[in-house]
Amino acid sequence: MARRKKIYEGKAKDLFEGPEPGTIVQYFKDNASAGNGEKKAVIEGKGVLNNRLSEFFMLGLQQIGIPTHFIKRLNMREQLVRQVEIIPLEVIVRNYAAGTMAKRLGMEEGTALPRPIVEFSYKNDDLGDPLVPEEYIIAFGWASQQDMDDIVSLALRVNDFLAGTMYGVGIKLVDFKIEIGRLWDNDFQRLVVADEISPDSCRLWDIETGQKLDKDVFRRDLGSLSDAYTEVAKRLGVLPSNVTHTPHKPTLIN
Ligand code: TYD
């Protein structure tokens, strides 16, 4: 494959032109950031793990009929995806109170919610991704009412799949974020799960011990982030269970 043109540089991923029109290559970096880029580090192996984990989740979603932008993994750090128009929203689903919700409402982290709650943040780093009501989204034309109904139902289906998958390996899915893209087939629009699904954008707690296995390990200085992600990958069978993580050389199943 010819060397590709970089079209976007993100915090944890770079995007390159794909080999065919309508495709993009996502390159997963080892960079970690939190607090809207205030805290930064390079966590060796994180990009490799997230590439594999995101592939695992996207393929799982496709298997149960949930559309995604994912085409195939290309190598350790890259995956081929369909080019989509990203809706500028962080679609967040919560099963337990944590993070900004716990803070905003003075709730104890880990409080079970009466039902999954879907909320939206406007994707804008300069503003710190502010929470926005559906009313704003529709009024400002970021998405239509029909889009929003479709997005909520997509988000809840993703939640069912992810929560069930995690529960099966002894992990509680506290909350997560997805991004949604528009795909055009001539004049016909489809909404698909885009970006990535990885422990960078989920809260994952061990069911037995409550140990955090997600980016909060980095945000809150709770230990080794690569150990936490390796544990998630091993439990899901994405890494063989007998691998002891060595920061320089994650061992992966092909
Ligand atoms: P939230 O508690 O709103 O924010 P924070 O992570 O700053 O405490 O986040 C809810 C979930 O969504 C959490 O798993 C992190 C994820 N998320 C992202 O991955 N990116 C984002 O820009 C936002 C707002 C949330």
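The preceding data block contains the structure.
What comes next is a walk through the structure. (Residues numbered from 1 in each chain as written. Predicted model: local features only at pLDDT ≥ 70, side-chain atom pairs only at ≥ 80, totals over all residues. Heavy atoms only, no water.)

Here N95 lies in strand 9 (residues 89–96). The contacts of N95, once residues within four sequence positions are left out, are T111, A112, L113, P116, N159, L173 and V174. (Helix = DSSP H or I, 4+ residues; strand = E, 2+ residues; numbered from the N terminus. Contact = heavy atoms within 4.5 Å.)

Across soluble globular proteins, you tend to see nonpolar side chains buried next to one another. The biggest cluster of nonpolar side chains holds 51 residues, and the ones touching the most others in it are L89, V91, F120, V158, I178, V193 and I197. Apart from the residues lying within four places of it in its own chain, the contact partners of F120 are L89, E90, V91, P130, L131, V132, E134, I137, M148, I151 and V152. (Core = buried A, V, L, I, M, F, W, Y, C linked by side-chain atoms within 4.5 Å. Buried < 20%, exposed > 50% of the residue type's maximum accessible area, 1.4 Å probe, protein only.)

Taken in spatial order, the five strands line up as 1-2-3-7-6 in an open sheet, and their pairing is antiparallel. If you trace the sheet from one side to the other, it starts and ends with strand 1 (6–9) and strand 6 (70–73), each paired once. Taking the axes of each pair of neighbouring strands and ignoring which way they run, one obtains an average angle of 25° across the sheet. The sheet contact formed by strand 3 (residues 23–28) and strand 7 (residues 78–82) spans five bridges and is antiparallel. Opposite V25, over in strand 7, you have L80 as the bridge partner. Lying on the sheet, helix 1 (residues 46–63) is in contact with strand 3, strand 6 and strand 7; it crosses strand 6 at an angle near 135°. (Pairing = 2+ DSSP bridges. Axes fitted to C-alpha atoms, helices over the stretch in contact; angles between N-to-C directions.)

Moving on: helix 4 (residues 145–167). The terminal C-alpha atoms of helix 4, which comprises 23 residues, lie 32 Å apart, in line with the 33 Å expected from a rise of 1.5 Å per residue. Of the positions making up helix 4, those classed as buried are D147, M148, I151, L154, A155, V158, N159, F161, L162, T165 and M166. (Expected span 1.5 Å × (residues − 1).)

Among the 15 residues in the neighbourhood of the ligand, the closest are listed as R94, T100, D129, D175 and R203. Within the side chain of E90, one N or O atom sits 3.2 Å away from an oxygen atom of the ligand. The separation between an oxygen atom of the ligand and a polar side-chain atom of T100 is 2.5 Å. The fraction of the free accessible surface of the ligand (510 Å²) that becomes covered by protein chains is 80%. (Near = heavy atom within 4 Å. Polar contact = N/O pair within 3.5 Å; in protein donor to acceptor, adjacent residues only side chain to side chain. Areas by Shrake-Rupley, 256 points an atom, 1.4 Å probe, with all protein chains shown as cover.)

Remember, this is a structural readout, not a statement about activity or role.
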